[in-house]
Amino acid sequence: MRIRAETLKNIKAGRDQAKPVPVLIAWMRALRLYFVIPSILPALLGCVIAWAHGYPIHLFHFVLVVIGVTVNHFGLNLVDDVLDYRHAVDLQKGEEKNFFTGGSGVLPEGLLKDTQMLKAAALFFSMTVVIGVYLTYACGWPVLVLGLFGMLSSIFYTVPPVRFGYRGFGEA
């Protein structure tokens, strides 16, 4: 996922001209940063609740939790985009696409390849695992249970056989 100075072509249906889009912008769109903030809020809330109950706050552990949740959500967003694209879920039809549906649009527009996105998702999920293993070692087995639940939920959001996102537990 190196950031290159070169640009990719943004080819939209119905246009004869190609609009260059920098690779960094394509990746920023693919990660959908605006949807990551809601994932960080429960970690922040948990930290505040623990502090309110008199537990000591370990800043390093808290930062690792926020990073872990963030990179896990990045992986989720990328896998979600790829699988929706492969199942033709994200193809625009008229005015149906809005801010909350249709994914990032980088795959239908040809800005990134699905294989690139899956490799990046694997990297992000690997980072989540490394952080989770450390936090489990440092803080105990409950971290492992919560971490596994979070990772499996994010992976199976669009991955068969569970596919929460297609069963009324996701986008509507």
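Conventions used here
Residues numbered from 1 in each chain as written. Predicted model: local features only at pLDDT ≥ 70, side-chain atom pairs only at ≥ 80, totals over all residues. Heavy atoms only, no water. Helix = DSSP H or I, 4+ residues; strand = E, 2+ residues; numbered from the N terminus. Buried < 20%, exposed > 50% of the residue type's maximum accessible area, 1.4 Å probe, protein only. Contact = heavy atoms within 4.5 Å. Areas by Shrake-Rupley, 256 points an atom, 1.4 Å probe, with all protein chains shown as cover. Polar contact = N/O pair within 3.5 Å; in protein donor to acceptor, adjacent residues only side chain to side chain. Expected span 1.5 Å × (residues − 1). Core = buried A, V, L, I, M, F, W, Y, C linked by side-chain atoms within 4.5 Å. pLDDT = per-residue confidence, 0-100. Axes fitted to C-alpha atoms, helices over the stretch in contact; angles between N-to-C directions. Parallel < 35°, antiparallel > 145°, perpendicular 65-115°, else oblique. Left-handed = near helix turned anticlockwise from the far one by under 90°. Nonpolar A, V, L, I, M, F, W, Y, C, P; charged D, E, K, R; others polar.

Some points on the overall build of the protein chain
Next, step 1: A count of helical and extended segments in the protein chain gives five helices and two strands.
Next, step 2: Counted from the first residue to the last, the protein chain has its helices and strands arranged as β-β-α-α-α-α-α.
Next, step 3: For the protein chain, the residues scored as buried account for 34% of the 172 residues in total.
Next, step 4: Counting contacts in the protein chain only where the partners sit at least 6 residues apart, residues at least 24 apart contribute 66% of the total.
Next, step 5: For the protein chain, the accessible area works out to roughly 11,000 Å², and carbon and sulfur atoms hold 69% of it.

Notes on the side chain of Ser154
Next, step 1: Relative to the helices and strands, Ser154 is located in helix H5 (residues 141–155).
Next, step 2: The exposure class of Ser154 is buried, given its relative accessible area of 7%.
Next, step 3: Here Met151 takes part through its backbone oxygen, which lies 2.8 Å from a polar atom of the side chain of Ser154.

Description of helix H4 (residues 114–139)
Next, step 1: Look at H4: 36 Å from first C-alpha to last across 26 residues, which is about the 38 Å you get at 1.5 Å a residue.
Next, step 2: All buried positions along H4 are accounted for by Asp114, Met117, Ala120, Ala121, Phe124, Phe125, Thr128, Ile131 and Leu135.
Next, step 3: Of the surrounding elements, those touching the buried residues of H4 are helix H1 (23–31), helix H3 (59–86) and H5.
Next, step 4: Gly140 lies just past H4 and shows a positive phi near 115 degrees.

With respect to the nonpolar core
Next, step 1: If you look at the biggest cluster of nonpolar residues, it comprises 23 residues, and the most contacted ones within it are Trp27, Ala30, Leu78, Val106, Leu112, Met117 and Phe124.
Next, step 2: Breaking this core down by element, the ones donating at least two residues are H1, H3 and H4.
Next, step 3: At six residues, the largest contribution of residues to this core is made by H3.
Next, step 4: Look past the residues within four positions of Ala30 in its chain and what remains in contact with it is Asn77, Leu78, Asp81, Ser104, Val106, Leu112 and Met117.

What about the confidence of the model for the protein chain?
Next, step 1: Within the protein chain, residue pLDDT values average 81, and 77% of them lie at 70 or more.
Next, step 2: Considering each helix and strand of the protein chain separately, the mean pLDDT is smallest for strand S1 (residues 7–10), with a value of 40, and largest for H4, with 96.
Next, step 3: In this model residues 1–16 is a low-confidence stretch, pLDDT under 50, and it forms 30 contacts with partners more than four residues away in sequence or in other chains.

Observations concerning the packing of H3 against H4
Helix-helix packing: each pair is described by the crossing angle between the helix axes and the interaxial distance.
Next, step 1: Remark: H3 packs on H4, axes separated minimally by 8 Å, with the N-to-C direction vectors making an angle of 150 degrees. Between H3 and H4, the interaxial angle falls into the category roughly antiparallel. In terms of crossing hand, the pair formed by H3 and H4 is left-handed.
Next, step 2: Partitioning the contact of H3 with H4 into residue classes produces 22 nonpolar, five polar and three charged.

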